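As a plain string of letters, each chain reads:
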Amino acid sequence: MCGIVGYIGKQDAISIGLEGLKRLEYRGYDSAGLVGFDSSTKKIFSVRKKGRISNLENALKGNNFQSNSAIFHTRWATHGAPSEKNTHPHHDCKNKIWLAHNGIIENYGLLKEKLKEEGHKFYSETDSEVISHLIEKYFKGNLEQAVIEALKLVKGTYGLAVMSENDPQKIVVARNSSPLLIGLGDNEFIVASDPSAIMGRTKQVIYLDDGEVATLTPTNFYITDLNRNHKEKDIEEIDWKPEEAQKGGFPHFMLKEIFDQPNSITDTLRGRLVLEEGTAKLGGLDEVREKLKDIERLHIIACGTAFFAGLIGEYMIEEYAGIPVEVDLASEFRYKKHILDKKSAVILISQSGETADTLAALREVKQKGVLTLGIVNTVGSSVARETDAGVYNHTGPEMAVASTKAFTSQLTVLALLTLLLGRQRQMSLVQGQRICKELSQIPDFITQVLKENENIKKIAEKYKDYKNFLYIGRKYNFPVAQEGALKLKEISYIHAEGSSAGEMKHGPIALIDENFPTFCIATSDSVYEKMQSNIMEIKARSGKVIALATKGDKRIKEMADDVIYIPKTLEMLTPILSIIPLQLFAYHVAVLKGCDVDKPRNLAKSVTVE
Ligand code: G6P
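All of the points below concern the structure found in this document. As the structure is a computational prediction, the values presented were derived from the model and not from experiment. (Residues numbered from 1 in each chain as written. Predicted model: local features only at pLDDT ≥ 70, side-chain atom pairs only at ≥ 80, totals over all residues. Heavy atoms only, no water.)

**Description of the overall build of the protein chain**
Thinking step 1. Tallying secondary structure elements over the protein chain gives 19 helices and 26 strands in all.
Thinking step 2. For a compact globule of 610 residues, the expected C-alpha radius of gyration is about 25 Å, and the protein chain comes in at 25 Å, within 12% of that figure.
Thinking step 3. Its C-alpha atoms give the protein chain principal-axis dimensions of about 75 × 55 × 45 Å.
Thinking step 4. Here the protein chain, with 610 residues, has 63% of them falling under the buried criterion.
Thinking step 5. Contacts spanning at least 24 positions in sequence make up 72% of the contacts within the protein chain whose residues lie at least 6 apart.
Thinking step 6. Here the protein chain has roughly 22,600 Å² of accessible surface; of this, 48% comes from carbon and sulfur atoms.
Thinking step 7. The distance from the centre of the 78 positive side-chain charges to the centre of the 80 negative ones in the protein chain is 2 Å. (Helix = DSSP H or I, 4+ residues; strand = E, 2+ residues; numbered from the N terminus. Rg over C-alpha atoms; globule rule 2.2 N^0.38 Å. Buried < 20%, exposed > 50% of the residue type's maximum accessible area, 1.4 Å probe, protein only. Contact = heavy atoms within 4.5 Å. Areas by Shrake-Rupley, 256 points an atom, 1.4 Å probe, with all protein chains shown as cover. Lys, Arg positive; Asp, Glu negative; His and termini not counted. Charge placed at Lys NZ, Arg CZ, Asp CG, Glu CD.)

**Let's talk about helix α13 (residues 405–423)**
Thinking step 1. The first and last C-alpha atoms of α13 sit 27 Å apart over 19 residues, in line with the 27 Å expected at 1.5 Å per residue.
Thinking step 2. Within α13, 18 of the 19 residues are buried, which leaves the element mostly enclosed by the surrounding structure. (Expected span 1.5 Å × (residues − 1).)

**Looking at the environment of Glu144**
Thinking step 1. Along the chain, Glu144 falls in helix α5 (residues 143–151).
Thinking step 2. When the C-alpha positions of Glu144 and Pro218 are compared, they lie 15 Å apart, and in sequence the two are 74 residues distant.

**Considerations on the site of the ligand**
Thinking step 1. In the vicinity of the ligand lie 14 residues, with Thr305, Ser350, Gln351, Ser352 and Thr355 positioned nearest.
Thinking step 2. In this structure, Thr305 approaches the ligand through a main-chain N or O atom, which is 3.0 Å from an oxygen atom.
Thinking step 3. When the free accessible area of the ligand is taken as 390 Å², the share hidden by the protein chains comes to 90%.
Thinking step 4. Judged by the fraction of its atoms near the pocket grid, the ligand is located in the largest pocket.
Thinking step 5. Ranked by the residues each element gives to the shell around the ligand, the list is headed by helix α9 (residues 304–321), at 3 residues.
Thinking step 6. Here the shell around the ligand is built from residues that sort into 5 nonpolar, 7 polar and 2 charged. (Near = heavy atom within 4 Å. Polar contact = N/O pair within 3.5 Å; in protein donor to acceptor, adjacent residues only side chain to side chain. 1 Å grid on protein atoms, 1.4 Å probe; cavity = no way out; pocket = protein on both sides within 12 Å on 5 of 7 lines; lining within 4 Å. Sits in = over half its atoms within 2 Å of the grid points. Nonpolar A, V, L, I, M, F, W, Y, C, P; charged D, E, K, R; others polar.)

**Concerning the sheet that holds strand β7 (residues 158–164)**
Thinking step 1. Spatially, 6 strands are ordered β5-β6-β7-β8-β12-β13 in an open sheet, and the strand pairing comes out antiparallel. Sheet topology places β5 (90–91) and β13 (221–225) at the edges, where each strand pairs with a single neighbour.
Thinking step 2. Strand direction decides the pairing type here: β5 and strand β6 (residues 97–102), joined by 2 bridges, are antiparallel. Its bridge partner lying in β6, His91 is registered against Trp98. (Pairing = 2+ DSSP bridges.)

**Describing the sheet that holds strand β14 (residues 236–237)**
Paired through backbone hydrogen bonds, the strands of a sheet run either parallel or antiparallel to each other.
Thinking step 1. An order of β3-β2-β4-β1-β10-β9-β11-β14 is seen for the 8 strands of this open sheet, with the pairing classed as antiparallel. Both edges of this open sheet fall to β3 (43–50) and β14, since each of them pairs with a single strand only.
Thinking step 2. In this structure, strand β1 (residues 3–8) lies alongside strand β4 (residues 67–75), joined through 6 bridges in antiparallel fashion. In the strand pairing of β4, Gly3 is matched with Thr74.
Thinking step 3. Set on the sheet, helix α1 (residues 13–23) makes contact with β1, β2 (31–38), β3 and β4; between it and β4 the angle comes to about 25 degrees. (Axes fitted to C-alpha atoms, helices over the stretch in contact; angles between N-to-C directions.)

**Quick look at the pattern of salt bridges**
Thinking step 1. Under the definition given, this model contains 39 salt bridges.
Thinking step 2. Asp210 is paired through a salt bridge with Arg363; the nearest N and O atoms lie 3.2 Å apart. Within this pair, whereas Asp210 is found in the loop between β11 (204–207) and β12 (212–216), its partner Arg363 is found in helix α11 (residues 356–366), the two being separated by 153 residues in sequence.
Thinking step 3. According to the relative accessible area criterion, Arg363 is partly exposed, its value standing at 23%.
Thinking step 4. Note that Glu212 and Lys231 form a salt bridge whose closest N and O atoms lie 3.8 Å from each other. You can see Glu212 sitting in strand β12 and its partner Lys231 sitting in the loop between β13 and β14, a full 19 residues away along the chain.
Thinking step 5. On the accessibility criterion, Glu212 (3% relative accessible area) is buried. (Salt bridge = Lys/Arg side-chain N within 4 Å of Asp/Glu carboxyl O.)

**Considering empty space enclosed by the protein**
Any empty space left between the atoms is revealed when a probe the size of a water molecule rolls over them.
Thinking step 1. Under the criterion given, the structure shown has 5 cavities of 30 Å³ or more.
Thinking step 2. Taken as a whole, the largest cavity spans an internal volume of roughly 190 Å³.
Thinking step 3. Arg27, Asp194, Pro195, Ser352 and Thr378 are the residues nearest the centre of the largest cavity, which is lined by 24 residues in total.
Thinking step 4. Considering only residue class, the lining of the largest cavity consists of 10 nonpolar, 7 polar and 7 charged.
Thinking step 5. Here the second largest cavity defines a volume of roughly 90 Å³.
Thinking step 6. As for the second largest cavity, its lining consists of 15 residues, and the residues nearest its centre are Cys2, Trp76, Thr78, His88 and Gly103.
Thinking step 7. When contributions to the lining of the second largest cavity are tallied by element, the ones reaching two or more residues are β4 and β6.
Thinking step 8. A class-by-class count of the residues in the lining of the second largest cavity yields 4 nonpolar, 9 polar and 2 charged. (Points joined across faces, edges and corners; volume = space filled by probe spheres on them.)

**Considering the layout of surface pockets**
Thinking step 1. There is about 590 Å³ of room inside the largest pocket.
Thinking step 2. Lining the largest pocket we find 27 residues, and of these Cys303, Gly304, Ala604, Lys605 and Val607 sit closest to its centre.
Thinking step 3. Every element with two or more residues in the lining of the largest pocket is listed here: α9, β19 (344–350), α11 and α16 (477–492).
Thinking step 4. Within the lining of the largest pocket, the residues separate by chemical class into 12 nonpolar, 10 polar and 5 charged.
Thinking step 5. One number sums up the size of the second largest pocket: a volume of about 320 Å³.
Thinking step 6. By residue number, the principal contributor to the lining of the second largest pocket is α1, which donates 3 residues.

Purely geometric numbers; function is a separate question.
Below is the structure:
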């Protein structure tokens, strides 16, 4: 989590860095701070504030700092409460060496004790402060040399940006398992933990790999490993447009991203449907296409919303490609015994491509020599780079912490993958063409679902004060129920549970009374009759029912208290539509309750620590 930005060049580092930092606020918003080198006084200055970046901005009003190099940080607290003293950048005993850190230093306790014995004085509860004292210990006039010496002793994860008053005009950055990239601008360099921070200033980036250290000056940069061996790096191009990181007239990123879904799905599908052959063309899988024909077992690994996408993918792939699929939470997979063989392939799904558990699971799997595939939105991210092959979502940056458009894009990619794998196996041409045709209609169907927004808002007004919600669905819509419940709890802090409707009688129905409403996903599909029975059982216990149904279903109106309609599509594609009303419902409830929709408490967009 945590966001890091660093600027070195000829322009005003403070305004440029703050602009970048604001785009990273979704990574953490417990506190924000900066450190810069003032070219007029030749001294380092720092401002650090608890809370949002706006507090830091206010504190900077009226300052006279003249700075062309500075480091910025927005924090998601791990070690130590969100307070001013724990705010980054952190410094050494003499206030000369300053750094911003994202990650966790696992051996910080031991290092701290040793440094204390050597006379170092600590002021914060953070693990990060330890690194600044370690660098101080090894500093002999050359900052990168001292950073390297210090990092050799550090165990854990870090994205790091360091500067020193005693070796000014330099920013040293390093990475181990926490993302960091260098934007190459016009006579300037911007380092950041996420590409969104550099959007609008440059599209040229270098992604640092683990164990690499880069030294940036206003005119130059060089990258080495921890043994000071020079590293030659490719310059890559980011294809996101700056306007994609703006709210575009919507009050919140989340609403913008929900409404963006007809476009984002169009982008995900672009050039990938091959109607004549009833299959999908996924360029990122070309190299492994033949290998995929021999795969007999698939494992999908992901966290959060991406995990629920994986569960839906399981239904799609098993039903249409006939390959057994196992879906694991990355945090569980990494600690369990895996049964993988040469006929297995592992699919990692991650919007950010930087989720710590997903990345750790990927690295674990790679040691077994199994084919790894990524479904990733962030181009050049760690998962994208470390998997053997993969598919990009091409859905543009997702800024709201609660994932919406990335989820529907993940489902779309999984449907495309199902087409590809299915056509390599048992799926007929006619079946493939049917799925292609239906997929190409999905953006229009989403536009129709979005027309329900006002209706959903009214329903949200009616239900906003309930303290608990149950979400139920079957088959493809069971994970949708779980994702719908996750959306509500994430942003409105209302307790919500997603359950398989078939499991109701094994427990959840005990919760039902007039104060415990249920969202029932009862679309006209192979399990519709079963869902009807569930609704009747809930109504028989005075439970309120909000039903999600297929357009034209009049019967449901007689059973449910409130109904939201979505267009009819293939059962396997229904989740791409059925999740949207649940996203909107969660959004409106959260807004009505006055919650900070885009930045819910205690959460961060990119979970880069375990
Ligand atoms: C966090 C985010 C979720 C996301 C999950 C996995 O919890 O808030 O929106 O689904 O991480 O992230 P990833 O980037 O790996 O998809």
